[in-house]
Amino acid sequence: MKITSAKYITSAVNKSGLILDETPEISFVGRSNVGKSSLINNLVGIKRLAKTSSTPGLTKMVNYFDINGNIRFVDLPGYGYAKVGRGQKDVWSSLMGDYLALSQSLKLVFVLVDVRHEPSELDKMMIDYLIHQGIPFAVIATKADKLSKMAINKSLQVISKSLNLRKEMIFVHSSETSQGKESILEFIENAIEK
């Protein structure tokens, strides 16, 4: 897949702001500070399209981006470190839960995990939820530039075992070097054509 244009559309802060139409969507989810915005920026080739932050948990909105005029990337709120009120901590009754339940054209969810760490309980819950709902997904292990090739292979075994997934369902990506970018874009293209 070749991305020729990408632009920010809008951010939904509540259920009524979600876009519910037929445009195919690819969404990105993961704990705060896992690199969702950096990944999106790398895939589209625009450094500041999705806003990155050094403060974990800043993304509390559902952010929509128009890609090539015919699909959307959707950056979902990060989970894990977010400093939110007690009533907002339940991932599934949150805005992200509303999005996953209501989106009519969701083709694929990328669950991002940090290649340096074992997936969290929330990561496992997310995978279980997607499987239960029958939502197609794949895992992206981010920040690959922080580890050696050998360390990445070891880490992939840990991630694969922890999430109970085949290694082929896990992409390795680096926003610094663009490692994995082409494979991910090809996977997106195939998901949209299904």
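Here, residues in each chain are numbered from 1, in the same order as that chain's written sequence. Where local features are concerned, this predicted model is filtered to residues with pLDDT of at least 70; where side-chain atom pairs are given and counted, the filter is 80 or more; whole-chain, interface and lining totals use all residues. Side-chain numbers come from the whole structure's heavy atoms, not from hydrogens or water.

Undergrad: Would you mind showing me how to read the overall build of the protein chain here?
TA: Along the backbone of the protein chain there are five helices and seven strands. Only DSSP runs of H or I reaching four residues or more are called helices, and only runs of E reaching two or more are called strands; each is numbered from the N terminus. Helices and strands in the protein chain line up, N terminus first, as β-β-α-β-β-α-β-α-β-α-β-α. In this scheme, a residue with accessible area under 20% of its type's maximum is buried, one over 50% is exposed, and one in between is partly exposed, where area comes from a 1.4 Å probe on protein chains only. Taken across its 194 residues, the protein chain has 49% of its residues classed as buried. When contacts within the protein chain are restricted to residue pairs at least 6 apart in sequence, those whose partners lie at least 24 apart make up 75%. Residues are treated as being in contact if the distance between any of their heavy atoms lies within 4.5 Å.

Undergrad: What should I look at first to understand the packing of aromatic side chains in this one?
TA: By convention here, two paired aromatic rings are described through the distance between centres and the angle between planes. Working definition: rings of Phe, Tyr and Trp (its six-membered ring) pair if their centres are within 6.5 Å, and the pair is stacked with planes under 30 degrees apart, edge-to-face with planes over 60 apart, and tilted otherwise. Overall, the coordinates contain six aromatic pairs when judged by the stated rule. Ring centres 6.2 Å apart and planes at 50° place the aromatic pair Phe110 and Phe187 in the tilted group. Residue Phe110 is found in strand 5 (residues 106–114), and its partner Phe187 is found in helix 5 (residues 181–193); the two are separated by 77 residues along the sequence. Among the residues examined, Phe187 registers a relative accessible area of 33% and is labelled partly exposed. Ring centres of Phe171 and Phe187 lie 5.1 Å apart, and the angle between their planes is 65°; on these two criteria the pair is classed as edge-to-face.

Undergrad: Is there a simple way to think about helix 2 (residues 95–102) in this case?
TA: The periodicity of an α-helix, 3.6 residues per turn, causes residues three or four places apart in sequence to face the same way. Among the residues making up helix 2, those that are buried are Leu95, Met96, Gly97, Tyr99 and Leu100. Those residues of helix 2 hidden inside the fold are in contact with strand 1 (6–12), strand 2 (25–30), strand 3 (62–67), strand 4 (71–75), strand 5 and helix 3 (121–133).

Undergrad: Quick question: what am I supposed to make of unusual backbone geometry here?
TA: Peptide bonds are trans in most cases, and residues, glycine excluded, mostly fall at negative phi. If you check the backbone angles, Asn68 has positive phi at about 55° while not being a glycine. Residue position: Asn68 is located in the loop between strand 3 and strand 4. Its identity as a non-glycine residue notwithstanding, Lys143 has a phi of 65°, on the positive side. Tracing the sequence through the fold places Lys143 in the loop between strand 6 (137–142) and helix 4 (149–163).

Undergrad: It is not clear to me how the packing of helix 1 (residues 36–44) against helix 5 should be interpreted in this structure. Could you clarify?
TA: The description of two packed helices rests on the angle between their axes and on the distance between the axes. Geometry is summarised by axes, namely lines fitted to C-alpha atoms with helices restricted to the contacting stretch, and by angles between N-to-C directions that run from 0 to 180 degrees. Running from N to C, helix 1 and helix 5 point in directions that differ by 85°, and their axes come no closer than 10 Å. By the angle between their axes, helix 1 is roughly perpendicular relative to helix 5. Across from Leu39, Asn42 and Leu43 in helix 1, the residues of helix 5 making contact are Lys181, Ile184, Leu185 and Ile188. Here the contact of helix 1 with helix 5 is built from residues that sort into five nonpolar, one polar and one charged. When an angle is under 35 degrees it counts as roughly parallel; over 145 it counts as roughly antiparallel; between 65 and 115 it counts as roughly perpendicular; any other value is oblique. Residues are sorted three ways: Asp, Glu, Lys and Arg are charged, Ala, Val, Leu, Ile, Met, Phe, Trp, Tyr, Cys and Pro are nonpolar, and all the rest, Gly among them, are polar.

Undergrad: Sorry if this is basic, but what is going on with the pairing of strand 2 here?
TA: On a regular strand, one side chain projects to one face of the sheet and the next to the other, so that they alternate. Within strand 2, six of the six residues are buried, which leaves the element mostly enclosed by the surrounding structure. Every second residue of strand 2 is oriented toward a common face, with Glu25, Ser27 and Val29 on one face and Ile26, Phe28 and Gly30 on the other, all of them buried. The pairing criterion for strands is at least two bridges between them, as found by DSSP. Where strand 2 lies against strand 4, four bridges are found, and the strand directions are parallel. Across the sheet, the residue bridging to Ile26 is Phe73, located in strand 4. Alignment of strand 2 against strand 5, held across six bridges, turns out to be parallel. In the strand pairing of strand 5, Val29 is matched with Val111.

Undergrad: Honestly, the sheet that holds strand 3 in this entry has me stumped. Any pointers?
TA: To summarise the sheet geometry, strands pair through backbone hydrogen bonds and adopt either a parallel or an antiparallel arrangement. Judged by pairing direction, the sheet is mixed, and its seven strands sit side by side in the order 1-3-4-2-5-6-7 without closing on themselves. Both outer strands of the open sheet, strand 1 and strand 7 (170–172), are each paired with one neighbouring strand and no more. Taken over all neighbouring pairs, the strand axes of this sheet differ in orientation by 25° on average, direction set aside. Summarising the sheet, strand 3 and strand 4 pair through five bridges and their orientation is antiparallel. The partner of Asp66 across the bridge, within strand 4, is Arg72.

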